[in-house]
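# Observations on chain architecture
If you want the building blocks of each chain, they are given just below.
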Amino acid sequence: MKIEITEKMRKQAEKGKSVLKAGRIGAGGAKGAIIAGLLFLIFGILIGLPFLLSGSRGWILFLVIFGIPALLFLIPGTIFQIRKARNYLDYYAKESGYDVSVLQQAEKEILSPKTVAIGSGKNKIACYITENFLISVTREGCYVRKHSDMVAAFYSEEIPGLESRQDGMLFISVQEIAREPRINPFTYRQCGGYVNPFLDRVCSREVSGEIEKHNPSIITDQIYTDGNRQYDLLSLNHWEEDLTAIIQTRKSL
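Now for a description of the structure that goes with this document. Because the structure is a prediction, the values reported are computed rather than measured. (Residues numbered from 1 in each chain as written. Predicted model: local features only at pLDDT ≥ 70, side-chain atom pairs only at ≥ 80, totals over all residues. Heavy atoms only, no water.)

Right, let's talk about the sheet that holds strand β7 (residues 165-173) for a bit. If you trace the three strands from one edge of the open sheet to the other, you get β6-β7-β10, paired in antiparallel fashion. Each edge of the open sheet is held by one strand with a lone partner, namely β6 (150-160) and β10 (194-196). For this sheet the average axis-to-axis angle between neighbouring strands, irrespective of direction, equals 30°. Bridge analysis of β6 against β7 gives eight bridges, and the strand direction is antiparallel. The residue of β7 that forms the bridge with Phe154 is Leu170. Contacts between helix α8 (residues 201-214) and the sheet are confined to β6 and β7, with β6 contributing the most and set at about 170° to the helix. (Pairing = 2+ DSSP bridges. Helix = DSSP H or I, 4+ residues; strand = E, 2+ residues; numbered from the N terminus. Axes fitted to C-alpha atoms, helices over the stretch in contact; angles between N-to-C directions. Contact = heavy atoms within 4.5 Å.)

Turning our eyes to something else, we now look at the pairing of strand β4 (residues 133-138). Buried residues dominate β4, accounting for six of its six residues. In β4, alternate side chains face the same way, and those of Phe133, Ile135 and Val137 on one face and Leu134, Ser136 and Thr138 on the other are all buried. In this antiparallel pair of consecutive strands, strand β3 (residues 124-129) and β4, the connection spans three residues. Following β4, the chain reverses through two residues before pairing antiparallel with strand β5 (residues 141-146). (Buried < 20%, exposed > 50% of the residue type's maximum accessible area, 1.4 Å probe, protein only.)

Below, the discussion takes up the side chain of Ser173. Structurally, Ser173 is set in strand β7. What makes Ser173 buried here is its relative accessible area of 0%. Within polar-contact distance, the side chain of Ser173 engages the side chain of Glu176 at 2.6 Å. Aside from chain neighbours lying at most four places away, what touches Ser173 is Tyr143, Arg145, Asp149, Met150 and Val151. (Polar contact = N/O pair within 3.5 Å; in protein donor to acceptor, adjacent residues only side chain to side chain.)

Structure (structure tokens):
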């Protein structure tokens, strides 16, 4: 469903709480280390507090047992988290292949009244479609692509996962085509792309429709037929060659 971008959201982004930065630091090892350190610290306080209040020196033992591991997690975790926040645009530049200036443009466009936000619940935005960019949001970070670079965007319940098929929306851009594909463990053919599991069938249909307004040649179904041959975009014989052929076919339409 479409979610209104409120003035409060815009003000938060303008104060440094940008979507791209939040996506970069919202999860990962650094944040996990900080949480682990805080847990050690809390356990140490809860267990050692009765000894401290009773005047016993036993709290010193718990300070050592829990305090040292807490510091070992908190200090490096905080350092890495600060570093990630400071260099978040460099991370996206490496992932997308875009210059930092292009990514800064994407951040500005998120605040535009023309931007469409889509998600599965109130204020739980999983995707932004701006004038020039698609910005997909998951726990791992953000996927930033120009509309002109997008090749396919569709919902599927057959996306290869770690142990079984998963459902969600799959995005394929020219950047993914140029990268090493993976083997679909169910068909033993080649596949790839970026998955957003937070977008259900209805949301995916809305996202595809919005992208299609900016890029009419985008493929919005898992199965694509060029008139002579049928392609399953989750199960290709030759990843780069097949998608290159599909792009050429789409351009000739």
